Each structure stands twice: as C-alpha cells, then as structure tokens.
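Summary of the model geometry
Below are the chains, spelled out letter by letter.
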Amino acid sequence: MHTPTHLLRVMLLAAAATGCSGPPDAAAPTPPQALACFGCHGPAGRSQGDIPALAGMPSDRFLARMAAFSEDTETGGVMNRIAPAYSERELARLADYFADLEPAP
Amino acid sequence: MALTRRELLRAAAGVTGLGLIGPGWSADRAHGRVVIVGGGFGGATCARYLRAIAPDVSVTLIERRARLATGPFCNTVVAGINPIDAITVDHRALAAAGVNVIHADIRELDPVARRVRLPDGDTLDADHLVVAPGIDFDWFPIEGYGPKVTEALPHAWTADRDQIVNLHNQLRAMPDDGVVAIAIPANPYRCPPGPYERASLIGHFLTQHKPRAKLLLLDAKDHFSKEALFRAGWAEHYGERIEWIGRPQGGAVVAVDASKRTLVTAGGERIRADVVNVIPPQVAGALARDNDLTDISDWAPVDHRSFESTRHPRVHVLGDACQGGPMPKSGYAANVQGKICAHAIAAGLAGVSFAGTRLINACYSLVTPDHGISVSQVYDLNGPHFAAIPDTGGTSPLAASSEDRARVAGYARSWYRNIVRDTFGNPTMP
C-alpha cells in the first residue's frame, strides 16, 4: 500500500522527470491540499458556526488536533477519517499555511 | 468579500507546493476568455476562484435561473424546518467580483470551436469552456412519469424552488393517517444519501404533525449510502413509521399513475399514496449529452487533474455531469472540482502545466435536527484519475454518543454556511 509520504515522493520524482522544478524553496509554500479544506472550513479558512476556523489557528494547535484525530482521541466530526491521509510533512505545511491566514475580523 | 485576492493568490501559488508548476509561474500572467455554462456548485466555484486567482482572465457565467435552491439542506425545507429562502442562492456576489453573469438559456454549444450561442443570437467564444449543467432526468424507466406530472408528483431534486415548496405543501395537506411514498433510483444519481436524509426528515415532520402517517421507500437498489446509520436512526426515532422496500423485495418503481397517485413496483404491487415523491433515474445535463461530451454511460469522461473532457480539448465538465470516478455526485465534490478546474485553466492560460491535487469529499446528513451523521473520503490522483486512499474515510460511528450526534448536526449547519459562502459568496443561511 502506498503511504502518503511515499505518494508524495513519487509525485516529486514524477515532477523531476517531466522537467519541472523540484520541491519549492519559497518561504511559505501553500499546500495545494488546502483547497479541499475550504468547503467545510469556509472561504480562506474563515468558518462560520461550529466548524473551527482554520485562518489564524496556531500551528502547534493545528498539529495537536490533527494528531488527536489520527489517534481517534477526538471524535464527532469527519476529521478523524481525513487526518490519517496526510503525511507529517504535509500537515506541517498546512499548519504553517493556516496559521498565516488572516482570521475573520 | 471574505476571500481576499492576496489569500487566493497564495492558494494559487500553492500549486507550486509539489513543484509541478514551473518556477516563476504566476496566475497574474494568465490572459484569455473563459465561458462557464451552469451556475451551480461546480460552475459558480470555478467562476469565483478564477476571478480571484487570474484577474486578467475574463469570466462569463451563463445560468438559466436567477435564483437556485441548493440541493444541500433542501430536505430541511421539505420537512418545514427551514423556509425556502434559507436555501436560495443567487449570483450577485459573483457579479460583484467581476464575473459577467448572464441569465439565459443556451441555444447552441460547439465543443470544437468552444463557442456558445444564446437565444438572442449573441455568440461567445472561449479559450476554455466549462460545462457544468448538473443532471437531467431520464424519464423513460418509470412509465407515466414525465415533465407534465411533476406538479402532482414532485421530484424536488433540482434547483427549482417551486418543486421543494410543492413537496412540503403536499406533506402539510395530507391526511393525518396518510401514506408518503418516495421512489428512489439506482446508482449513479445526485447526492447518494439524499433520499434517505429526506426520508429521515419527513419522518421527523410526520412525528410532529401527522402522527398516524407512514412513509414507504421504494428503492431500485439493494443497499444505500450510510445504510447502517440511517437504519439505526430510523429504528430509534421513527420505529415502524418508515418502511424500506429494496430492489430484492421488488421495490423498484416501474410506473406511476399521477391522477390516482399510484405507484407500480417491479414486484407487481400497486401502491396508493397521499404524497408521492419520485426521484427519477438521472443522466448528465443535456448540454453535455447533446454536445458530444458524454459517452455510452450518459456521463462525461474527464481527466481528474483538470476536469478537462477527454473528448474535446479545453472543454471542462464539472460536478454531477462528469464521471467523478469514486467521487460521489455531491455539492462538496463539485465545489472542489471547480477549484481544481479554475487552477488548471489559469495555469493553461499562463502557459504552464498543472498537476492537479488531492481531493476530499465530506458529507453530512440529518437523521433528526439534532442527530447528524457523516461520510467522508480522501482521494489521490493515480494518473489522470482519482482513487480513494485506502484506510481513510468512511462513516461516523454507529455507536456515537448523543453529544457527538448533536455535534455532527451542528457541523452540518456550519458546513452548509461555509460551502455556500465558498461557492456563491452569499452572506445568508440558516
């Protein structure tokens, strides 16, 4: 079975093979996976209502919650079935990205 | 607008995150004309994100209806929990963001020339054409059902507000000991758990207002989405009130008689009901089927990296009309497909390639207003197609505590507000 990390590696290799650039060196690369988050968490991560806003969430809090979802110690929503699909590296990127988004005023 | 250009530009820049777009690519370099046909979850999201990430691309959105009832949460209106206006969206926020919104039918669509002709004779040429027509009904399999009888036997399965209000009004007007019947189609169709959430919330309505009434589900399938969760919820909240008759029991509806409100099943039974809701079998919208964008399945094959048609280059098909592989025909899927398509088009117009990205589907259903259940899945690209990532996704647990069920119901309401804002930019909602 392919782990997310393995898939990421394969994709990076594929990228190298097609002559595109390697991994980014940008200071704050935006994880493309973040696009799939806004449907539930609101445009630019500014949720209204019970679903937590991601915009401005401190990265350590984001990572702690994702770990809790992965370990099934936090239940109720859909995240404990989504979090395990992401590698630590992807989660770290997402954490930095969301922490950096401006929260709703 | 909550979504600032800076944030979206950064999201766009994020496609460089896997190094699959050449260095220095900026969506700001993209120039061209995009015409989007269909203003539901797929088309509207694509228009909104394109405007935000590629400000020099002209975006025209053509949609027949000025106001749409959303599929998500329509069952709360059927059951009288929300008024129809609470689930009505429009395209004013898109127009304010610079989308050229035209409310008109399409007279002709040429997928080779990428040209659209309007009823007044105006033509629009596009560098990229996005076709997001949603579903059409296949009237053929249910004898006696057709456009002329939808007022008597509503489907309430499209953006037509009147249909949803009609079904609610019929429920209100039925006798206290009446029978409601829902005809449910075989796969694939729009919103797999939708008929069962509808059954649940109608059950809730009956419990409150028609305590002696019954609800019959006549299904063309052997099994259904979130089945264990729905069945347990029905047993707990609605007891004998809801009866499911599946395909193996001859439940598929093969004919209706609108004047007598009678349904005939494959098992040969004639069932008279006071309220008949027929959710007919479905195919891709005519704009896709009539213009060489579908195959023998009656759905449009696409490359999941860009939602570009495999039949016509630079024509994209989004949402319910496309073959989403393991993705269900859901508003959530259409929304995220719209974003991927917007990024692929912006990259294409900037002269660079786009590799696509991972997708999520998340779907909530209400068994009662305080009992929510969910299903979710993460999909990764395997070449040009999505595949579900093993050991992720699935439904909420059968043994969820009442606190967790109430939390999920709260998440469902929050999800609705957020996805509508992400898609249409509207500030309203229940």
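Residues numbered from 1 in each chain as written. Chains lettered and ligands numbered in written order. Predicted model: local features only at pLDDT ≥ 70, side-chain atom pairs only at ≥ 80, totals over all residues.

1. Comments concerning the overall build of chain A
The test is simple: To qualify as a helix, a DSSP run of H or I must reach at least 4 residues; to qualify as a strand, a run of E must reach at least 2; elements of each kind are numbered from the N terminus. Residues are called buried when their C-beta atom has 20 or more other C-beta atoms within 10 Å, exposed when it has 12 or fewer, and partly exposed otherwise; all C-beta atoms are positioned from the backbone. Note on contacts: each residue gets a C-beta atom placed from the backbone, and two residues are in contact if those atoms are within 7 Å.
Scanning chain A for helices and strands turns up four helices and zero strands. Going from the N terminus to the C terminus, chain A shows its helices and strands as α-α-α-α. In chain A, which comprises 105 residues, the share counted as buried stands at 42%. When contacts within chain A are restricted to residue pairs at least 6 apart in sequence, long-range pairs at least 24 apart make up 63% of them.

2. Section: the overall build of chain B
Just so we agree on the cut-off: Atoms considered for the radius of gyration are the C-alpha atoms alone. The globule rule reads 2.2 Å times the number of residues to the power 0.38.
Along the backbone of chain B there are ten helices and 25 strands. Taking 2.2 N^0.38 as the reference for a compact globule, 430 residues should give roughly 22 Å; the C-alpha atoms of chain B span a radius of gyration of 22 Å, in line with that estimate. The C-alpha extent of chain B, read off along each of the three principal axes, is 65 × 50 × 35 Å. Partitioning the intrachain contacts of chain B with sequence separation of at least 6 by distance along the chain shows that 70% fall at a separation of at least 24.

3. Overview of the sheet that holds strand S13 (residues 242-245) of chain B
All names here are of chain B. Just so we agree on the cut-off: Pairing between two strands requires that DSSP report at least two bridges joining them. Axes here mean lines fitted to C-alpha atoms, for a helix over just the part in contact, with angles spanning 0 to 180 degrees between N-to-C directions.
Reading across the sheet, the four strands line up as S13-S12-S11-S17 and stay open at both edges, with parallel pairing between neighbours. Every interior strand has two partners, whereas the edge strands, S13 and strand S17 (275-278), have only one. Taken over all neighbouring pairs, the strand axes of this sheet differ in orientation by 15 degrees on average, direction set aside. Where strand S11 (residues 179-184) meets S17, four bridges bridge the pair, whose relative direction is parallel. Residue pairing for S17: Ile 182 is matched across the bridge by Asn 277.

4. With respect to the confidence of the model for chain B
Put simply, the rule is: Summary of the metric used: pLDDT quantifies the predictor's per-residue confidence within the range 0 to 100.
When pLDDT is averaged across chain B, the result is 92; 92% of the residues are at 70 or more. Both scores are available for the predicted complex, with the pTM at 0.90 and the ipTM at 0.89.

5. Quick notes on helix H6 (residues 194-209) of chain B
Selection rule: For a helix, the expected span equals 1.5 Å multiplied by the number of residues minus one.
With 16 residues, H6 of chain B ought to run about 22 Å at 1.5 Å a step, and its terminal C-alpha atoms sit 22 Å apart, in line with that. Across the 16 residues that make up H6 of chain B, a large majority, 13, are buried.

6. Points about the sheet that holds strand S15 (residues 262-265) of chain B
All names here are of chain B. Strand order in this open sheet of three strands is S14-S15-S16, and the pairing throughout is antiparallel. Taken across any chain shown, the strands that pair with only one partner, and hence form the sheet edges, are strand S14 (253-257) and strand S16 (270-272). Each adjacent strand pair in this sheet contributes to an overall mean axis angle of 25 degrees, direction not counted.

7. Quick notes on unusual backbone geometry
Residues and elements named next belong to chain B. Along the chain, Asn 187 connects to Pro 188 via a cis peptide bond; the corresponding omega equals -5 degrees. Tracing the sequence through the fold places Pro 188 in the loop between S11 and H6. Here the phi dihedral of Lys 226 falls at roughly 55 degrees; this positive angle occurs in a residue that is not glycine. Note that Lys 226 resides in the loop between strand S12 (214-219) and helix H7 (227-238).

8. What about the nonpolar core?
All names here are of chain B. We apply this condition: As used here, a nonpolar core is made of buried Ala, Val, Leu, Ile, Met, Phe, Trp, Tyr and Cys residues. They are joined through C-beta atoms within 7 Å.
Grouped together as the largest cluster of nonpolar side chains are 159 residues, with contacts concentrated most on Val 37, Leu 50, Val 131 and Ala 346. Among the elements that make up this core, the one with the highest residue count is helix H9 (residues 331-349) (twelve residues). Other than its neighbours up to four places away in sequence, Leu 50 contacts Val 34, Val 57, Val 59, Ala 342, Ile 345 and Ala 346.

9. Description of the environment of Asp 257 of chain B
Residue and element names in this part refer to chain B. Topologically, Asp 257 is positioned in strand S14. Along the sequence, Asp 257 and Thr 207 sit 50 residues apart, while their C-alpha atoms lie 28 Å from each other. With near-sequence residues (within four places) excluded, Asp 257 lies in contact with Gly 144 and Thr 262.

10. Examining the pairing of S11 of chain B
Residues and elements named next belong to chain B. So the rule is basically this: When the strands point away from the viewer, a crossover counts as right-handed if the path from the first strand over the helix to the second runs clockwise.
Counting buried residues along S11, five of its six residues qualify, which places the element largely inside the surrounding structure. Pairing between S11 and S12: six bridges, direction parallel. The partner of Val 180 across the bridge, within S12, is Leu 215. One crossover worth recording links S11 to the parallel S12 by way of H6, and it is right-handed.

11. With respect to the confidence of the model for chain A
Residues and elements named next belong to chain A. Confidence in the prediction for chain A averages 75 pLDDT; 70% of positions are at 70 or higher. Highest mean pLDDT in chain A belongs to helix H3 (residues 59-70) (95); lowest belongs to helix H1 (residues 4-17) (39). Low pLDDT (under 50) marks residues 1-29, which in the prediction has 43 contacts with non-local residues, meaning those over four places away or in another chain.

12. Focus on the environment of Leu 215 of chain B
Residue and element names in this part refer to chain B. Structurally, Leu 215 is set in strand S12. Along the chain, Leu 215 and Leu 366 lie 151 residues apart, while their C-alpha atoms are 17 Å from each other. Leaving out residues up to four positions away in the same chain, Leu 215 has contacts with Val 180, Ala 199, Ile 202, Gly 203, Leu 206, Arg 241 and Ile 242.

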